[in-house]
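Listed below, chain by chain, are the residues.
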Amino acid sequence: MTETTYPPSADFKAKAHIDADTYASMYKASVDDPDAFWADHAKRIDWIKPFTKVKDVNFKFGEVSIKWFEDGTLNVAANCVDRHLATRADQTAIIWEPDDPKDDALHITYRDLHEQVGRMANVLKSLGIKRGDRVVIYLPMIPEAAYAMLACARIGAIHSIVFAGFSPDALGARVNGCDAKLVITADTAPRGGRKTKLKDNVNQALLHDTDDVKCLVVRRTGDQVAWRRDLDFWWHEEAEKVSADCPPEEMNAEDPLFILYTSGSTGQPKGVVHSSGGYLVFAAMTQQYTFDYHDGDIFWCTADVGWVTGHSYIIYGPLANGATTLMFEGVPTYPDAGRFWAVCEKHRVNQFYTAPTALRALMGQGNSFVEGYDLSSLKLLGTVGEPINPEAWNWYNDVVGQGRCPIVDTWWQTETGGHLITPLPGATATKPGSATLPFFGVQPVVLETESGKEITETEASGVLAIKDSWPGQMRTVWGDHDRFQATYFQQYKGYYFSGDGCRRDADGYYWITGRVDDVINVSGHRMGTAEVESALVAHAKVAEAAVVGYPHDIKGQGIYAYVTLMTGEDPTEELRKELSDWVRHEIGPIAKPDLIQWAPGLPKTRSGKIMRRILRKIAENEFDALGDTSTLADPSVVDQLIENRMNKG
Ligand code: WTA
């Protein structure tokens, strides 16, 4: 079989930061002597007190501890803002493109950003927020989200962003989970021409809260909101009462910068904790090298700041590098499926980074939505979040990139802080569907799924784990270090276990095959099947539920729910809709099941354990691959389930 590979063009290579030889020698240096390598590259950020110790890491289950640059001190906001004032105060730091293309875009300079962050930091202080306190940010994609993140960093408060699409319940759980003192939100949020009532959601989330959590509200639309006297404050009013001058707090490299909740295979989402020093070094370095970012380029990552991609590649990475970063409030299909390309043309975007799910959706709308736009400014395209199928890759390459732009398929996770496996565009020949090779300092290994043995042959397939640490690695689960160890270091001893399966080909390229645990990837968003199940069983008419993923043309994976009703409940179409809406209400629109199948019985072992493997196969329409069903307590339920498979095709 011949594979098409796409080597970097001579032109791109000539201008790139890293070519193939540099990649090889730097990669070798990074694993031969990580201390020397990272001591050198950590100089890309400004330290208040330089570190003397680079790395102190133990991956041994029971003793897991990860520290980088541990005696150094810095301030992340000063690195992302203040230090650029001398050379680029008048350069645009953030281009803000609003939901409605008829409204004006904003160009926020580094000088403006400095002023706004300082003001927001002083407002936080005036509301009683101190170093180490937690602040939940529940904002749409507006500049104030950037100000809020950097203001927290400036005073040493720890932010936890909750995606604005999450429900009041999900928000409330995250506020309580980290004992936040303050929530920063907006009145209402326009998106795709519709509005989300964010402040009302906050009110609901905090309704039963006894700790008097305060709320700082950004006026985005001017819509009416219910006000909690003594606890709610308008950002625009408070901002007038304070000065813009707020000296940055001197933080330790290992002080947490933020918490970000993410889904796992069991239980409720966990709070991933990222550090200040190591995280910033890694986010900045990957942003520069993976996207081959050069001074003056316009960089656009279409993610939401509610996900890790937004943290690392809209805010911290680009701003630490003094880049111009674009922040987009809207959606790819509003007012029509040409919006991404209209924005690329309007702002002369140079690097564009999005998710395969968006590409598949846009590809389905036809090329006419792309072809009318001048995309000559584009130099590079990127993808993240899920495996990209060759059709989408080719469309991206041919229609959007017009064959001129390298594509970087970046594999990483909330836990990793930044890219771990990715092409470097001036160095790596790409293959559609492969995330290719490790970034500097990253040592991927393929383990045999059952035995956990490291496969030393180049060609391998199994689970993906990482040997040794990198500076951007998460440090712990907020408030639960045992869970951190159990999730990532217990099953495969001595490694960080990613939860993904993968294949390594004869050239040493990595191909991510998807999650091997009970996490599914819906439109590039991570969802724990256990979360959806617990939402379903919280409904009075549901006795039992099992949720699995199934292949979905646009979303990558869809959510397939098997539901057993309480005795006497009728399995009607109305109830199906009611349950779907219920999950949407409990968690948020992204968790809404695509298909619900009534399951009078679920396949269980004699000890009562649900055999998800079988449910997955039925949902995937692979009835011939069910495997051994003889150990089931009642094998006949399988035939029933197959008989009633939704949309059997
Ligand atoms: C998946 C997003 C294939 C993977 C940054 C991972 C990918 C999970 C890729 C993390 C890719 C991410 N190719 N799969 N390029 N990038 N994934 O935490 O399953 O939201 O474990 O972080 O997304 O999702 P998360």
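These numbers were taken from a predicted model, which means no experiment stands behind them.

Parameters at a glance
- Residues numbered from 1 in each chain as written.
- Predicted model: local features only at pLDDT ≥ 70, side-chain atom pairs only at ≥ 80, totals over all residues.
- Heavy atoms only, no water.
- Helix = DSSP H or I, 4+ residues; strand = E, 2+ residues; numbered from the N terminus.
- Buried < 20%, exposed > 50% of the residue type's maximum accessible area, 1.4 Å probe, protein only.
- Contact = heavy atoms within 4.5 Å.
- Salt bridge = Lys/Arg side-chain N within 4 Å of Asp/Glu carboxyl O.
- Pairing = 2+ DSSP bridges.
- Axes fitted to C-alpha atoms, helices over the stretch in contact; angles between N-to-C directions.
- Core = buried A, V, L, I, M, F, W, Y, C linked by side-chain atoms within 4.5 Å.

Some words on unusual backbone geometry
For the bond running from Tyr 334 to Pro 335, omega is -5 degrees, close enough to zero to count as cis. With respect to the element layout, Pro 335 can be found in the loop between strand 17 (324-328) and helix 13 (339-347). A positive phi angle, close to 50 degrees, is found at Arg 348, a residue other than glycine. Note that Arg 348 resides in the loop between helix 13 and strand 18 (351-354). In the Ramachandran plot, Gln 402 falls in the positive-phi region, its phi being about 50 degrees despite a non-glycine side chain. As for its placement among the helices and strands, Gln 402 is situated in the loop between helix 16 (390-400) and strand 20 (407-410). Assessed through its relative accessible area of 42%, Gln 402 is described here as partly exposed.

Let's talk about the environment of Pro 190
Position of Pro 190 among the secondary structure elements: in strand 9 (residues 189-191). We classify Pro 190 as buried; its relative accessible area is 12%. When the C-alpha positions of Pro 190 and Arg 219 are compared, they lie 12 Å apart, and in sequence the two are 29 residues distant. In this view, Pro 190 contacts Asp 99, Lys 195, Arg 220, Thr 221 and Glu 329; residues no more than four positions away in its chain are not counted.

Re the pattern of salt bridges
Tallied over the full model, the rule gives 43 salt bridges. A salt bridge links Glu 533 to Arg 612, with the nearest nitrogen and oxygen atoms 2.4 Å apart. In this pair, Glu 533 sits in helix 18 (residues 529-537) while Arg 612 sits in helix 20 (residues 612-619), placing the two residues 79 residues apart along the sequence. For the residue pair Glu 533 and Arg 612, the accessibility class agrees, reading buried in each case. Each of Asp 518, Glu 533, Arg 612 and Arg 616 takes part in a single network of salt bridges with overlapping partners.

Brief notes about the sheet that holds strand 5 (residues 106-109)
Pairing within the open sheet is mixed, and its seven strands lie in the order 5-4-17-16-18-19-20. At either end of the open sheet lies a strand with only one pairing partner, and these are strand 5 and strand 20. Each strand axis lies, on average, 20 degrees off the axis of its neighbour in the sheet, ignoring direction. One ladder, built from four bridges, connects strand 19 (residues 380-384) with strand 20; its direction is parallel. Paired with Thr 383 across the bridge in strand 20 is Asp 409. Sheet strands touched by helix 6 (residues 110-126): strand 4 (92-97) and strand 5. Its angle to strand 5, the strand with the most contacts, is close to 80 degrees.

Overview of the nonpolar core
If you look at the biggest cluster of nonpolar residues, it comprises 170 residues, and the most contacted ones within it are Phe 69, Leu 113, Leu 150, Tyr 316, Phe 440 and Val 563. Element by element, the count of residues in this core is highest for helix 7 (residues 143-155), at ten residues. When residues no more than four places from it in sequence are discounted, the contact partners of Leu 150 are Ala 77, Cys 80, Val 81, Leu 113, Val 117, Ile 315, Tyr 316 and Leu 319. Counting 28 residues, the second largest nonpolar core, distinct from the first, contains Leu 326, Val 343, Phe 352 and Val 370.

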